[in-house]
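Survey of secondary and tertiary structure
Spelled out from the first residue to the last, the chains are:
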Amino acid sequence: MSSALDRLKNLTAQISSYELERKSNLKTLEELYRKLGIDAKVERFEMLFGFKAINLSGLSLADEDLGAIKEGKYAQIIAIIYDKDAKVKNKNISLAYYGRAEKLTPEQKNEIIAFVLGWRFEKSFRTLEHYHNLMSYLKSQSGH
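Cut-offs used in this document
Residues numbered from 1 in each chain as written. Predicted model: local features only at pLDDT ≥ 70, side-chain atom pairs only at ≥ 80, totals over all residues. Heavy atoms only, no water. Helix = DSSP H or I, 4+ residues; strand = E, 2+ residues; numbered from the N terminus. Buried < 20%, exposed > 50% of the residue type's maximum accessible area, 1.4 Å probe, protein only. Areas by Shrake-Rupley, 256 points an atom, 1.4 Å probe, with all protein chains shown as cover. Lys, Arg positive; Asp, Glu negative; His and termini not counted. Charge placed at Lys NZ, Arg CZ, Asp CG, Glu CD. Pairing = 2+ DSSP bridges. Axes fitted to C-alpha atoms, helices over the stretch in contact; angles between N-to-C directions. Core = buried A, V, L, I, M, F, W, Y, C linked by side-chain atoms within 4.5 Å. Contact = heavy atoms within 4.5 Å. Phe/Tyr/Trp six-rings, centres within 6.5 Å; stacked < 30°, edge-to-face > 60°.

Within the protein chain, the secondary structure is distributed over 2 helices and 3 strands. Tracing the protein chain from N to C terminus, the helices and strands come up as α-β-β-β-α. For the protein chain, the spread of C-alpha atoms along the principal axes amounts to about 60 × 45 × 30 Å. Expressed as a percentage of its 144 residues, the buried residues of the protein chain come to 26%. Of the roughly 10000 Å² of accessible surface on the protein chain, 56% is carried by carbon and sulfur atoms. Computed over 23 positive and 19 negative side-chain charges, the separation of the two mean positions in the protein chain equals 5 Å.

One open sheet accounts for 3 strands, arranged β1-β2-β3; its pairing is antiparallel. Each edge of the sheet is formed by a strand with only one pairing partner; in this case those strands are β1 (53-57) and β3 (90-100). The mean angle between the axes of side-by-side strands here comes to 20°, regardless of whether they run parallel or antiparallel. Pairing between strand β2 (residues 74-82) and β3: 8 bridges, direction antiparallel. Considered in β3, the bridge of Ile81 is made with Lys91.

Right, let's talk about the nonpolar core for a bit. Residues Ile38, Leu48, Phe51, Ile54, Ile77, Leu95 and Phe115 are the most contacted members of the largest nonpolar core, which totals 25 residues. Breaking this core down by element, the ones donating at least two residues are α1 (2-35), β1, β2, β3 and α2 (106-142). Examining the composition of this core, we find that 5 residues originate from one element, α2, more than from any other. Once residues within four sequence positions are removed from consideration, Leu95 is found in contact with Gly37, Ile38, Lys41, Val42, Leu48, Phe51, Ile54, Ile77 and Ala79.

Another aspect to go through is the packing of aromatic side chains. Counted according to the given criterion, the structure contains 6 aromatic pairs. A ring pair is formed by Phe45 and Phe49, whose centres lie 5.7 Å apart and whose planes are at 85°; its orientation type is edge-to-face. Of the two residues, Phe45 and Phe49, neither departs from the other in class, the shared state being buried. Aromatic pair Phe49 and Trp119: ring centres 6.4 Å apart, planes at 0°, arrangement stacked. Remark: Trp119 occurs in helix α2 and Phe49 occurs in the loop between α1 and β1; sequence separation between them is 70 residues. On the basis of relative accessible area, Phe49 is assigned to the buried category, the value being 8%. In textbook terms, an aromatic cluster arises when at least three aromatic residues are bridged by ring pairs, as seen for Tyr33, Phe45, Phe49 and Trp119.

Here's what the structure looks like:
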């Protein structure tokens, strides 16, 4: 019995730590949204999560070389929007442009990467919530 209780305590602690991390992430993300100038293109912070994805050009996001500069490339945060009515469904828009990647300071580079990773972290929670809402709706429609 005590091992089941221990597993429940560990699970509760893990969920609690995710929520604390999520709150901290949102605060940092909103600060970076302003500091990186993304607020000039996206009027309200919450609107960021309407994008299908956010990517980065000029800097690597790969695990094996996170933050590596892609020589000769321009650093830019790019959002992907989905328009079901358009002929081309996915459209890229620049949220912020920073010039040649090799000219970024280490601080700028880290803030840009932190923004993209933080956005993805929060978006994953919102995607999970959306999934649960859709599944609840399906269950309610099928009578289960």
